[in-house]
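Chains, contacts and geometry: an overview
Residue strings, one per chain:
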Amino acid sequence: MSADSRDLLQGTLAILILKALLGGTSHGYGIARWIETTTDDVLRIEEGSLYPALRRLEDRGWVTSEWGLSENNRRARFYTITSAGRTHVRGEAAAWMRYSAAVARVIGAEPSLI
Amino acid sequence: MNPRWRRYRRFFGSNREADVDDELRFHLDMRARDYEQRGLPRDAAERAARERFGDYAQVDAALRAHDRTRERRDDRRRVLDELRQDLRHALRGLRRAPAFAAVAIATLALGIGANTAVFSVVDAVVLRPLPFSRPDRVTFVSGSTLGEFVRLRELSRSWSDLAAYRAASINLSGEGEAERLDGAITTPNLFSILGVPAARGRAFVGDETETGRLAAVVLSDGLWRRRFGADPSIVGRTIMVEGTSFEVLGVMPPGFGFPSRDTQLWIPINMPPARTGQLWGMGGYQLLGRLRDEASVSQAQEELRALYGRIRFENPMWDPGPDYGKDAVVTALQQQLVGSTRTMLYLLLGVVGVVLLIACANVANLLLVRATTRAREVAVRMALGGSRLRIVRQLLTESLVLAACGGICGVAVAWVGVRQLGRLLPADVPRLTPIGLDMRVLAFTSVLVVATGTLFGMLPALRASRDTQPSLRGGARNLTGAHRRLAGLLVSAEMAAAVLLVVAATLLIRSATALQDVDPGFRVAGVAAARITPPRNRITDATAQRDLYDRLIARVAALPGVEAVGAVDRLPLGRSPVAGLAVRVEGQAEDPTRLLPMADHYQIITPGYLSTMNVALLRGRGFTDDDRPGAPDVAIVSESFAKRFWPAGDAIGKRIGNPWPSEWITIVGVVRDTKADSLREQATTTVYRPFAQVPTINMTLVLRTSRAISPLSGELRRAISGVDADVPVSEIESMPAIVARSSARQRFATQLFALFAGIAIALGVIGIYGVMSYAVAQRQQEIGIRMALGASPADARGMILREGGRLAVVGIAIGLGTAAVASRLLGGLLYGVTATDPLTFAFVPAALAVVALLASYVPARRATRVDPTTALRAD
């Protein structure tokens, strides 16, 4: 994987995680499930990569974490989005929308090029 | 910063690694359970979960590494945060208690300042390497004559080179007033041995002596600036040295001075051709060598002693005896220079160290008192979950802030102190490096600040953070007993330290008084001295010398108010030692090739000298104008000299001789012993010869007068330049000043010890006063009860006084014990008293006990004014 596409993927992953957390506090597995359901499992991310991504988000102050009990009474680490995280995800989401709309326009407008 | 995360982490502490594991396992288990619910068998579900997860080991390692880094960063941040908090807290606390802060800071400033000042002297004189190239390889070598020097230089293998030099007064004339300067006469290789090149031109390098280029001079930076206005074209110019033209070869860099910092110019030794007997008669030199890399000091010394055995019989003048050179030593330059000074300075450093300890004890006491009033605050904080470590750290921060403030003020104290010390420092203390507050000294001060802050802060901090339960339950009363015991201990320690210093100071003061009472054997009051150094090129022969001094003496004697005038070649107790001389004694030691007895001192005097100085004539006669060349050679000897060689008989008429084959000299008079080199000297054997028979060029005029010295000195200068304008006169000094200077080292030590002992007493008094006042304040209730039950005010007063007395007695006893051992360190500084002088050891404790009682008396009186009803209602 080239550095560029990993950056892209990491950025994407960050957006996905923050988006997932907008729905409420969740542990890592919950985030993975949310991504899976929401995207109809199209992205099929390696779930292990969620955790380093969460650490980085934590370092940037976009999420916080706390240990608690899971729905099946196990010790689990729960992540919560911060207000800085919310601001960030809103900005990023807008940029993504513009980006994907542009890509969609390109793809829709010139079918002959494919 | 993430507060929730922090709170969690502190709670769970160290299982950070297990957390990573837990989190990832939870994920795998949940995923596997999901697959299982969708119908996969258990093991297949687990496999699928792992597959979906990716590289477990890699993620696990990445998270662990990440968490470790984060923890370290958080720790750092937390420590800094807390430090900032503590600092703010400490400063706020000190602002709220300005009296406490002021007393503590002033006490510390005094202690730290004194230490800084003394250390700066110790550092410059003893510790700092000399400003020469690889100074540890430069050594002094026993030996004094040029004969020895030439042979050692040829034969020795341990040194790459040897130099011979001696300090000398050198006259500079032409272009302005003639002046006499501290200089050195040296073999040309001195500068290369020291490894210091000239700043302009060059130093002597090769063979100025051998090629006959004798007339060259090297100037110090100071002389070049002062006398020659920093003339850039000085090199190659001709200046008048000793009345002869000398070419300036070079100027040394600023700060360079050898053998002393004041040495202003160097001229090469006018050395006769090697291997002539004359070389062995030229003594008074010091030998300096640069050791080869492979040679050690002890090896060099071994070689030196062997070499002396070899050259023993090369001396054509006398046989130095079988022990010649057996005690020859090689010493590192620095060690040789600072030798006896080092002990004195270290003693002084010890003394200020003790003062600082006393200061620490005092501040610790203040902190204890403060800790009691703050016990409740501390207890509340600990009950709220503040760890003991955290609270100790916070209290220590306060101490360190105090110490730092004390340190900053201390540097100001030291800045003044260093100047005073520099002024007081005896002239004979070697100062090759300048004394001042530099980075090294400030680094020492910083260490001192941290050390003192920890020292006085630790005990109260540990104490304050312990046993906090009682202060939560009720007033601070339960704590005060323990605090008071600790405070009492500190006060006793202070008293002990004060006793130690006061004993030392008293011993020194008694020594100084004893030295003052020493009769030097000559008159001191009303005598003045002026050293005359005529230019050598004009006053060349004996006749000219006799003629010059005859005229000078006649002229000075005619000055109004001058009662008597004489001259001596070396003034007793003057700046340069009065050298001795080996003598032959008729019928006792006649063979000049054998080891001859030594006279301690040998002085050349004019007929007026003994009467001017009131040296008592015991038998025979003094010198007269008839004792001149052609007349029989005569001598006068001191009482001890006469007793030593003719213990039963009369020395008059006996004959002695120079240590080389020459005519006998008849003893015509016996005079009282005089102290020539130091007031401590005992039974000095001295030989006096008449100037007319053995004239010499440099003499010191002594005159007795009823007038003050300062108006006289102008007239004296005019009188002398009226005789010969080219004759420079050194500073005209009064004999009392000269005698005082001879014991300058003693006085220096005495003054400083007395000063520091005074500070110690003052701090000790403050300590006792503080603790007793506090005790009275804390025990108001108890005193109130006692008085309500019928105790009289006198009883209450007695109770407090007894407590203060007990603290003082314990301290004084410990102090006396320590002093009895430690006072031996004073050794060489004592005179006329023993290190365990009974009078001192009786007087000091008595005096300090009185002082201690007085310090407790004021608080004790306050105790009697306690009103029982108020006291009982308090709290």
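A brief look at the structure comes next. Please read all numbers here as calculations on a predicted model, not as lab measurements.

Regarding the overall build of chain B
When helices and strands are tallied, chain B shows 25 helices and 23 strands. In terms of C-alpha radius of gyration, chain B reaches 39 Å, well past the compact-globule figure of 29 Å for 875 residues. When each of the 875 residues of chain B is scored for burial, the buried share is 42%.

A short note on the interface of chain B and chain A
With 20 residues of chain B at the contact, the number on the chain A side is 18 residues. Those elements that place two or more of their residues in the side of chain B that touches chain A are helix H1 (3–12), helix H2 (16–37), helix H3 (42–53) and helix H4 (56–96) of chain B. Tallying contributions element by element places H2 of chain B first for the side of chain B that touches chain A, with seven residues. Its residues assigned to classes, the side of chain B that touches chain A comprises ten nonpolar, four polar and six charged.

Section: unusual backbone geometry
Cis geometry marks the peptide bond from phenylalanine 258 of chain B to proline 259 of chain B, where omega comes out at 5 degrees. Phi at asparagine 73 of chain A is positive, roughly 65 degrees, even though this residue is not glycine. Within the secondary structure, asparagine 73 of chain A sits in the loop between strand E2 (63–69) and strand E3 (75–81). Residue class for asparagine 73 of chain A comes out exposed when judged on the 7 C-beta atoms lying within 10 Å of it. Non-glycine residue alanine 230 of chain B carries a positive phi angle of around 55 degrees. Here alanine 230 of chain B lies in the loop between helix H8 (221–228) and strand E6 (238–241).

Focus: the nonpolar core
Residue and element names in this part refer to chain B. If you look at the biggest cluster of nonpolar residues, it comprises 166 residues, and the most contacted ones within it are Val217, Val355, Val499, Leu501, Val502, Phe756 and Ala760. Among the elements that make up this core, the one with the highest residue count is helix H10 (residues 333–373) (22 residues). Per-domain counts for this core show at least three residues from each of domain 2 (143–328) and domain 3 (340–517 + 744–873). Those residues in contact with valine 502, other than ones at most four positions away along the chain, are Ala757, Ala760, Ile761, Val844 and Leu848. Counting 58 residues, the second-largest nonpolar core is a separate cluster that includes Ile532, Ile604, Met613 and Ala692.

Things to note about helix H2 (residues 28–38) of chain A
Each α-helix winds once per 3.6 residues, and so residues spaced three or four apart point in a common direction. Within the sequence span of H2 of chain A, burial applies to Gly28, Tyr29, Gly30, Ile31, Ala32 and Ile35 of chain A. Positive backbone phi, approximately 55 degrees, marks aspartate 40 of chain A, located one or two places after H2 of chain A.

Focus: the environment of isoleucine 509 of chain B
Residue and element names in this part refer to chain B. The residue isoleucine 509 is located in helix H15 (residues 477–517) in this model. Once the C-alpha coordinates of isoleucine 509 and glutamine 751 are considered, the two residues, 242 residues apart in sequence, prove to be 8.4 Å apart. Excluding residues that lie within four positions of it along the chain, isoleucine 509 makes contacts with Thr750 and Ala754.

Examining the pairing of strand E8 (residues 265–268) of chain B
Residues and elements named next belong to chain B. On E8, burial covers both faces: Leu265 and Ile267 on one face and Trp266 and Pro268 on the other are all buried. Where strand E3 (residues 179–186) and E8 come together, four bridges link them in parallel fashion. If you follow isoleucine 185 over to E8, its bridge partner there is isoleucine 267. Across two bridges, strand E5 (residues 216–219) lies against E8 in antiparallel orientation. Residue leucine 219 lies in a different strand from E8, and its bridge partner there is leucine 265.

Re the packing of helix H12 (residues 388–424) of chain B against helix H13 (residues 439–464) of chain B
Residues and elements named next belong to chain B. Packing of H12 against H13 leaves a shortest axis separation of 8 Å and a crossing angle of 145 degrees. The crossing of H12 and H13 is right-handed. Of the residues assigned to the contact of H12 with H13, the class counts are 16 nonpolar, eight polar and no charged.

Rules used in this analysis
Residues numbered from 1 in each chain as written. Chains lettered and ligands numbered in written order. Predicted model: local features only at pLDDT ≥ 70, side-chain atom pairs only at ≥ 80, totals over all residues. Helix = DSSP H or I, 4+ residues; strand = E, 2+ residues; numbered from the N terminus. Rg over C-alpha atoms; globule rule 2.2 N^0.38 Å. Buried ≥ 20, exposed ≤ 12 C-beta atoms within 10 Å, placed from the backbone. Contact = placed C-beta atoms within 7 Å. Nonpolar A, V, L, I, M, F, W, Y, C, P; charged D, E, K, R; others polar. Core = buried A, V, L, I, M, F, W, Y, C linked by C-beta atoms within 7 Å. Domains from an automatic or database assignment. Pairing = 2+ DSSP bridges. Axes fitted to C-alpha atoms, helices over the stretch in contact; angles between N-to-C directions. Left-handed = near helix turned anticlockwise from the far one by under 90°.

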